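# Secondary and tertiary structure notes
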Amino acid sequence: MRSLKYLIAISALTIYTACAQQKQNLQTLKTSNTASQSKMDIFLNDLMSKMTVEEKIGQLNLLTGGEAITGSTGNSDLENKVKRGEVGGFFSLTSPQKIRKAQDLAVNHTRLKIPLIFGLDVIHGYKTTFPIPLGMSATWDMPLIQKSAQIAAEEAAADGINWTFSPMVDISRDPRWGRFSEGSGEDPFLGSEIAKAMVIGYQGDDLAKINTLMACVKHFALYGAGEAGRDYNTVDMSKVRMYNEYLPPYKAAIDAGAGSIMTSFNEIDGVPATANKWLLDDLLRKDWQFKGLVVTDYTGINEMVEHGFGDLNQVSALALKAGVDMDMVGEGFLLTLKKSLEAGSVSIEDINRACRFVLEAKYKLGLFEDPFKYCDDERSKTKIFTAENRKIAREAATKSFVLLKNANNVLPIKKTDKIALIGPLADSKVNMPGTWSVSTDLSKAISVRKGLEDALGASNKLIYAVGSNLLEDPEYQERATMFGRTIPRDNRPEAEMIKEALDAAKQSDVIVAALGESSEMSGESSSRTDIKIPDVQRRLLEALLATGKPVVLLVFNGRPLDLSWENKHVPSILNVWFGGSETGHAIADVLFGDVNPSGKLSATFPQNIGQIPIYYSHKNTGRPLAEGEWFKKFKSNYLDVSNEPLYPFGYGLSYTNFEISAPVLSAKSMTSTSTIQVSVQVKNTGARDGEEVVQLYIRDLVGSITRPVKELKAFQKVFLKAGESKQVNFKLSIEDLKFYNSNLDFVAEPGDFKVFVGNSSANTKSADFNLSK
Ligand code: BGC
C-alpha cells in the first residue's frame, strides 16, 4: 500500500510540475520573443518602407472564403482583390489545396509578395470535435482542456489554417442567450483558468511551429451580458462589475500570450466596442499592454452604421482610430480609409500601426519564412481525426457530462438489461458535435443509438423509437436545425408516435430518453425566451414515466435549462450538452458505468426563467433571507419560488459518494507577505472509484464596496479509489483576496474573511481568517 504521505507528495508534485512547466513555457516564449523581436523589426521596417498606402490598407482587409457565413453578406471577386493587394487574409477556407491556391495568388502575383493569413472558427475541435465549450468547462479539468485545444490546433494547422477565432471567454449569466454554449459559464475565476489553458493549448511555445495556431480571444468585451439574453443586444454595466466579474478571462488570455483579440458586436457605455477607444486603447493597449492583433467581428464596423454611430466613412475611421487593426468581411477600411486619410480624419500613423500588427502576426506565424508551411497534403491526411484524437475526445465527453439526479441508483444500467431508447435526439448524428463546429464531418459523428449498439455488441438488446418531433411547430424546428443539423420531421400524429414509444418501453427493463435542444437551438443568433424542454417532448416523457419503468433522461442542451419539472418527476438525469464527435460512445461509457461521471456545472441552473440572472456569487443585499428561510415579507425574495437555484454552480453527482472535511487553516491571520494553507480531507465513501472537484471559495465580510457572498478562488480535481482518503491542500495569498475598488485599483482590504471548501458552491464547510494591516 502506498502511504498517504506519498500520495499527497505525488499529487502536490504533479500540480507543481504542471504549473512549473506552464511558467517555463511562457518564459521560453518571452525570451525567444525578445531575441527575435529585433530581427522582426528590421524585416518589417524594411517591408513597410516599400509599401504604398493602398497596400497597407489592403493588409487590414480580412475576407471570408465563404464556408461559414454568419452575417448578411459574404465577399466576392476574391481572386482579383488578392492580386490587387487588397486582402490581408481569409477565414473559412479549409484544406491545403484551397489555401495553397489563395496563397499562391498573394505570394506569386502581387508586387510585394506578402503572404495571407488564414483563420477559422476552430471552437471546440477541428475534425475531431470535442464537447461544446460549455461542456468542456464542466470537466473542470485544465490539462484536458489544454490538450483539446492542442489537438484542435494540430488538426487545423495540418489543413492549412494558422489562426483560430477562439477562445470565446464571454462570461454569461443569462441562459436565454444562445451563445452561452460557446463560453465557459458564469464565473470569472473558472473562466480565466480555462482561457489560459486554451491559449496555451492552441499556441504552444512557438506560433511558427506547424502544429500551432494563433489564438483570438473573443468577443471583447462583455458580449455575454446583452440585455434579455437577446443576441447582439445592448450591454450596460458599472465599471466595478466589469472589472471584477466580466473582464478577468479576457485579461487572463492576454496574459497567457494570446496573439489576437476580436471586438464584440455590443456597445459599452454607449459606444460600440468596435470603435471604443477606452476599451481598445486605454484598457487593452495601455493598461494591459496587449501587443497583438485586434480584429473586428463579422461586419462589426459596418454594423455601427445601424447602431447610429455615423456613415461608413465615419465608423471606419472611428474604428481605426480606436485601435482596430483588421476589418472582418465588411470592407469598410478598404472602401474608405484612403479618402479618410486625404480628408484628415485618420492619419498615416493610424494606418501604419494597424498594418504593422497584421504583418507582425504573419511574421510570428512564420509565413514570411515559408508561406506554404501549413499546406502539407501528407499532414492533412495523417494528422486529422486520428484514432488517438478521437479517444481523447471520447474521454473529454465522458468528463463533461453532469449527473444531475440519480434516485434509487437507476444509473449505471446493466448491459444485460433490455433498453428502450426513445426521443428525437436518440438517433441523430448530425446534432451531436454541437453548434459552431464548422469543420466537423457530421457523417462521422456517433449518435446515442450507435454508441449504445457498439457497447452492447451482438447481444444487442436495444429497442428504438423516435417518440416525438423535436418541436411541435415545424417553422421553429426549421430555424432550430439549420446548417445541415436537421432532425427529420415525422408527420404521423403525436398519439401514434407516443404509442410506438410506449410499445418499445413496455418490452424494456429501463427507458433511456434522449431529449432536449437540437444543437442549433443554441449558438449564434439562437436565443430563446423559454428554456424548458419543448412541450411536445415533455408530453412524451410524461407518457414514458407513466409506464412505471425506470427512466434515465439524457438532456441535450447548449445552455442551462429550466429542468424543474424533470427534476421533480424523473428519477435519473444526465446532462450531456453536445459531446462532439464521440458523443454516443461517451454516453454509453457513462450509462453502463465504465466511466464514473465527474462533471460539475460551470453555470447555475435556475428553477425557472424568472430567476434569471441567477448566479452563485451574488451580493447579499440589505435584506437577505436567513439561512434555510424560504420566504419572508419585506426580504429580498419572490412570492412564487425560493431564491435557490435548481442546481447550483459547481454541482454534479457521481456513482460514488465523497465526504469533504471542514477546512483546517495553517494560520488564522494572513499578512501581505504570508500565505495560509487550507487543508481538507476528502474521502471516497462509496463502492466505486471516482473523481471529485474540490472547490475553494472565499467571502470578504466587509469591503469598501460590497462583496459577493462567495467567490471561487481555487479548485482541484482529485481521483480517489473506493474507500480511499486524500488530503487536499490549497495555498491562499493576498493575491486571492484582491478586487477592483471604486477607483478601479486592484486591492486587498484588511479585515475578516471566510473560506469555504466543498463539492459545489452550495455544499461547503467554512473557517475564518483575517488579513492584517
Ligand atoms: C461570430 C464570431 C466568429 C465570426 C467569424 C461571427 O458571426 O460572432 O464569433 O468568429 O463570425 O466566423
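## Here we look at the overall build of the chain
Helix and strand content of the chain: 22 helices and 27 strands. On C-alpha atoms alone, the chain measures out to a radius of gyration of 26 Å, which is about the 28 Å that the 2.2 N^0.38 rule sets for 773 residues. Its C-alpha atoms give the chain principal-axis dimensions of about 75 × 70 × 60 Å. Residues counted as buried form 59% of the 773 residues belonging to the chain. Taking the intrachain contacts of the chain between residues at least 6 apart in sequence as the baseline, contacts between residues at least 24 apart amount to 78%.

## Some remarks on the confidence of the model for the chain
Predicted confidence across the chain gives a mean pLDDT of 94, with 95% of residues reaching 70 or more. When mean pLDDT is compared element by element in the chain, strand E9 (residues 293-295) scores highest at 99, while helix H1 (residues 4-50) scores lowest at 62. Low pLDDT (under 50) marks residues 1-20, which in the prediction has 8 contacts with non-local residues, meaning those over four places away or in another chain.

## Notes on the nonpolar core
A general tendency of soluble globular proteins is for nonpolar side chains to be buried together. If you look at the biggest cluster of nonpolar residues, it comprises 130 residues, and the most contacted ones within it are Phe90, Trp163, Phe220, Leu222, Leu247, Met328 and Leu359. Element by element, the count of residues in this core is highest for helix H6 (residues 142-157), at 9 residues. With 77 residues, the next largest nonpolar core counts Leu456, Ala505, Leu515 and Val551 among its residues.

## Quick look at the pattern of salt bridges
Taken as a whole and judged by the stated rule, the model has 54 salt bridges. A salt bridge links Arg356 to Glu360, with the shortest nitrogen-to-oxygen separation between them at 3.1 Å. Of the two residues, Arg356 and Glu360 both sit in helix H14 (residues 348-364), 4 residues apart, roughly one turn of that helix. Taken as a pair, Arg356 and Glu360 share a single burial class, namely buried. Taking the shortest distance from any N to any O, the salt bridge between Glu494 and Arg539 comes out at 2.7 Å. Of this pair, Glu494 sits in helix H19 (residues 494-506) while Arg539 sits in helix H20 (residues 535-546), and the two are 45 residues apart along the sequence.

## Digging into the sheet that holds strand E1 (residues 61-64)
Taken in spatial order, the 5 strands make up an open sheet running E4-E3-E2-E1-E10, and their pairing is parallel. Pairing within the sheet leaves two strands with one partner each, and these edge strands are strand E4 (163-164) and strand E10 (327-328). Sheet topology places strand E2 (residues 89-91) next to strand E3 (residues 117-120); 3 bridges connect them, and they run parallel. In the sheet register, Phe91 faces E3, and the bridge partner there is Gly119.

## Some thoughts on the environment of Val728
Relative to the assigned elements, Val728 resides in strand E23 (residues 725-732). Overall, the relative accessible area of 1% leaves Val728 in the buried class. Once the C-alpha coordinates of Val728 and Pro663 are considered, the two residues, 65 residues apart in sequence, prove to be 9.7 Å apart. Leave out the neighbours within four places in its chain, and Val728 touches Val678, Ser679, Val680, Val682, Val694, Gln716 and Val718.

## Focus on the sheet that holds strand E27 (residues 763-771)
The 5 strands are arranged E19-E27-E26-E21-E22 in an open sheet whose pairing can be described as mixed. Each of the sheet's edge strands pairs with one partner strand only, and the pair in question is strand E19 (669-670) and strand E22 (711-720). Here 6 bridges tie strand E21 (residues 690-700) to strand E26 (residues 751-760), and the two strands are oriented antiparallel to one another. Of the residues in E26, the one forming a bridge with Tyr697 is Phe756.

## Some remarks on H6
For H6, spanning 16 residues, the distance from its first C-alpha to its last is 22 Å, which sits close to the expected 22 Å at 1.5 Å a residue. With 13 of its 16 residues buried, H6 lies for the most part within the structure. Its side-chain oxygen 3.1 Å from the backbone nitrogen of Leu144, Asp141 forms the N-cap of H6.

## A closer look at the packing of aromatic side chains
With the rule as written, the count across this model stands at 25 aromatic pairs. Each residue in the set Trp140, Phe189, Tyr616, Phe649, Tyr697 and Phe715 is aromatic and connected to the rest through ring pairs, giving one cluster. The ring of Tyr615 is capped by Arg173, whose NZ or CZ atom sits 4.2 Å from the centre of that ring.

## Description of H19
Helix length check: H19 (13 residues) gives 18 Å between terminal C-alpha atoms against 18 Å at 1.5 Å per residue, within 8%. Where H19 is buried, its residues touch strand E12 (419-422), strand E13 (462-465), strand E14 (510-516) and H20.

## Remarks on the state of the cysteines
With the rule as written, the count across this model stands at 0 disulfides. Distance from the sulfur of Cys216, which forms no disulfide, to the nearest cysteine sulfur (Cys355) is 18 Å.

## Quick look at the packing of H19 against H20
The interhelical angle for the contact between H19 and H20, taken along N-to-C directions, is 35°, at an axis separation of 10 Å. The two elements H19 and H20 cross, and the hand of that crossing is right-handed. Listed contacts from H20 to Glu494, Ile498, Ala501, Leu502 and Ala505 of H19 are Val536, Arg539, Leu540, Ala543 and Leu544. Along the lines of polarity and charge, the residues of the contact of H19 with H20 split into 8 nonpolar, no polar and 2 charged.

## Structural notes on the environment of Ser733
Among the secondary structure elements, Ser733 is positioned in the loop between E23 and strand E24 (739-740). It is 7.6 Å that separates the C-alpha atoms of Ser733 and Met670, two residues lying 63 residues apart in sequence. Setting aside residues up to four positions removed in sequence, Ser733 forms contacts with Met670, Ser674 and Thr675.

## Describing a nonpolar patch on the surface
A surface patch of nonpolar side chains, amounting to about 330 Å² of accessible area, comprises Trp630, Phe631 and Leu639. On the secondary structure map, Leu639 appears in the loop between helix H22 (583-591) and strand E17 (658-660). Classification of Leu639 by relative accessible area gives exposed; the value is 68%.

## Structural notes on the packing of helix H12 (residues 312-322) against helix H13 (residues 332-343)
Close contact between H12 and H13 brings their axes to 9 Å; oriented N to C, the two are set at 90°. Accordingly, the angle class assigned to the pair H12 and H13 is roughly perpendicular. When H12 is examined against H13, the residues Leu312, Asn313, Ser316, Ala317, Ala319 and Leu320 are found in contact with a partner set consisting of Gly332, Phe333, Leu335, Thr336, Leu337, Lys339 and Ser340. The residue inventory of the contact of H12 with H13, partitioned by class, reads 7 nonpolar, 5 polar and 1 charged.

Procedures and definitions
Residues numbered from 1 in each chain as written. Predicted model: local features only at pLDDT ≥ 70, side-chain atom pairs only at ≥ 80, totals over all residues. Heavy atoms only, no water. Helix = DSSP H or I, 4+ residues; strand = E, 2+ residues; numbered from the N terminus. Rg over C-alpha atoms; globule rule 2.2 N^0.38 Å. Buried < 20%, exposed > 50% of the residue type's maximum accessible area, 1.4 Å probe, protein only. Contact = heavy atoms within 4.5 Å. pLDDT = per-residue confidence, 0-100. Core = buried A, V, L, I, M, F, W, Y, C linked by side-chain atoms within 4.5 Å. Salt bridge = Lys/Arg side-chain N within 4 Å of Asp/Glu carboxyl O. Pairing = 2+ DSSP bridges. Expected span 1.5 Å × (residues − 1). Polar contact = N/O pair within 3.5 Å; in protein donor to acceptor, adjacent residues only side chain to side chain. Phe/Tyr/Trp six-rings, centres within 6.5 Å; stacked < 30°, edge-to-face > 60°. Lys NZ or Arg CZ within 6 Å of the ring centre and 35° of its normal. Disulfide = S-S within 2.5 Å. Axes fitted to C-alpha atoms, helices over the stretch in contact; angles between N-to-C directions. Left-handed = near helix turned anticlockwise from the far one by under 90°. Nonpolar A, V, L, I, M, F, W, Y, C, P; charged D, E, K, R; others polar. Patch = residues over 30% accessible without salt bridge, like charges linked within 9 Å, V, L, I, M, F, W, Y side chains within 5 Å. Areas by Shrake-Rupley, 256 points an atom, 1.4 Å probe, with all protein chains shown as cover. Parallel < 35°, antiparallel > 145°, perpendicular 65-115°, else oblique.

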